[in-house]
Amino acid sequence: MRMKKMIPALGVLFFALCGTLRAEVLKGPAGLRFEAKGKAVVSLNDGVQIECVESTEPWKQAGFTAYVEAAYLEQAELKIKKGAVLYDKAGKVFGRVTEPFPLEFTPGKPDARTGRAMVEIVLLAYYQDIKQDSIIENALARELKDAMGMLAPGGLAAHLKKFGYQKWYGYEGVESYGVYENWIEDPSPGFRVLLIFHRGKLAAVLHSRSINYKFMASKDFMRGCKLSYIRKLPEPETRTLEKFYTDIISKAD
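Residues numbered from 1 in each chain as written. Predicted model: local features only at pLDDT ≥ 70, side-chain atom pairs only at ≥ 80, totals over all residues. Heavy atoms only, no water.

**Structural notes on the packing of aromatic side chains**
Here is step 1: Under the defined criterion, the tally for this structure stands at 9 aromatic pairs.
Here is step 2: Relative to Phe94, the ring of Phe64 lies with its centre 6.0 Å away and its plane at 85°, an arrangement referred to as edge-to-face. In this pair, Phe64 is assigned in strand β5 (residues 59–69) and Phe94 in strand β9 (residues 93–97), connecting sequence segments 30 residues apart. For the pair shown, Phe64 and Phe94 are each scored as buried.
Here is step 3: Ring plane angle 55° and centroid distance 4.8 Å describe the contact between Tyr171 and Phe244, whose orientation is recorded as tilted. (Phe/Tyr/Trp six-rings, centres within 6.5 Å; stacked < 30°, edge-to-face > 60°. Helix = DSSP H or I, 4+ residues; strand = E, 2+ residues; numbered from the N terminus. Buried < 20%, exposed > 50% of the residue type's maximum accessible area, 1.4 Å probe, protein only.)

This is the structure we're talking about:
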């Protein structure tokens, strides 16, 4: 399994304004593999958050951060040993290494107090082990279908809060709220979902992944995203909206 290397310097503008992705949540205990046909190398507890790459395959690339005791890390060979306990930043155990496997990224330096080093881990998670209501595209499609698409920000308050949307740029009569993509594939990722409201009602969705909803219209946009319209806007206002977000997103590269 090969992944692109993560570059520390992310797109600063996107990162500062969008914050952290509300990751997918596992139904645990869940076994993650290094290879689809191999044995599980990590067991993660129920409720652990991971960041997944979009895929139609049963196994999805999934990334997460763990803190591991330095004795279980082979720095020279970039490997992690069987039996390593996985801690979160607060020191709570959320999983264990059940088989040794190579690391894609170099671990950080061990903390002088805990003796643990931060490790970025990317493995394969089984799609059925992911709680479906924790997938933002699934949740948004359900919201759109239930409300027939005509939603104000207040009507989406629970959805916005659950998935960690942050308010982004807009102009008179237009506002937007976005969620950042994952760091696994793209060293400078943009939005996974950006909701664009026009005169108080949801007008369009900028999205990097497919959404199971029948949009009024959808077109290829920037950075590999689609711009999908919930409702028809007057042509001059459509042009203004598209130019505004084209200009502002292009400056984030």
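**Some words on the pairing of strand β15 (residues 201–207)**
Here is step 1: Of all 7 residues making up β15, 6 are buried, and the element is well covered by its neighbours.
Here is step 2: Across 6 bridges, strand β14 (residues 191–198) lies against β15 in antiparallel orientation. Bridged to Phe197 within β15 is Leu202.
Here is step 3: In this antiparallel pair of consecutive strands, β14 and β15, the connection spans 2 residues, and Arg199 shows a positive phi of 50°.
Here is step 4: In the sheet, β15 pairs with strand β17 (residues 226–229) via 4 bridges, with the strands oriented antiparallel. Each bridged residue has a counterpart across the sheet, and for Ala204 the counterpart in β17 is Tyr229. (Pairing = 2+ DSSP bridges.)

**What about the environment of Val97?**
Here is step 1: Within the secondary structure layout, Val97 lies in strand β9.
Here is step 2: Taking C-alpha positions, Val97 is 7.5 Å from Leu86, a pair spaced 11 residues apart along the chain.

**Some points on the side chain of Glu242**
Here is step 1: Within the fold, Glu242 resides in helix α4 (residues 235–250).
Here is step 2: Residue Glu242 is classed as buried on the basis of its relative accessible area, which comes to 14%.
Here is step 3: A polar contact is formed between the side chain of Glu242 and the side chain of Lys219, at a distance of 3.0 Å.
Here is step 4: The contact partners of Glu242, leaving out residues within four places of it in the chain, are Lys219, Phe221, Leu227 and Tyr229. (Polar contact = N/O pair within 3.5 Å; in protein donor to acceptor, adjacent residues only side chain to side chain. Contact = heavy atoms within 4.5 Å.)

**Some points on the confidence of the model for the chain**
Close reading of the predicted structure is inappropriate where its pLDDT is low.
Here is step 1: On average, the chain scores 88 in pLDDT, and the residues at 70 or more come to 89%.
Here is step 2: Confidence drops under a pLDDT of 50 for residues 1–21, and excluding neighbours within four residues, the segment shows 59 contacts in the predicted structure. (pLDDT = per-residue confidence, 0-100.)

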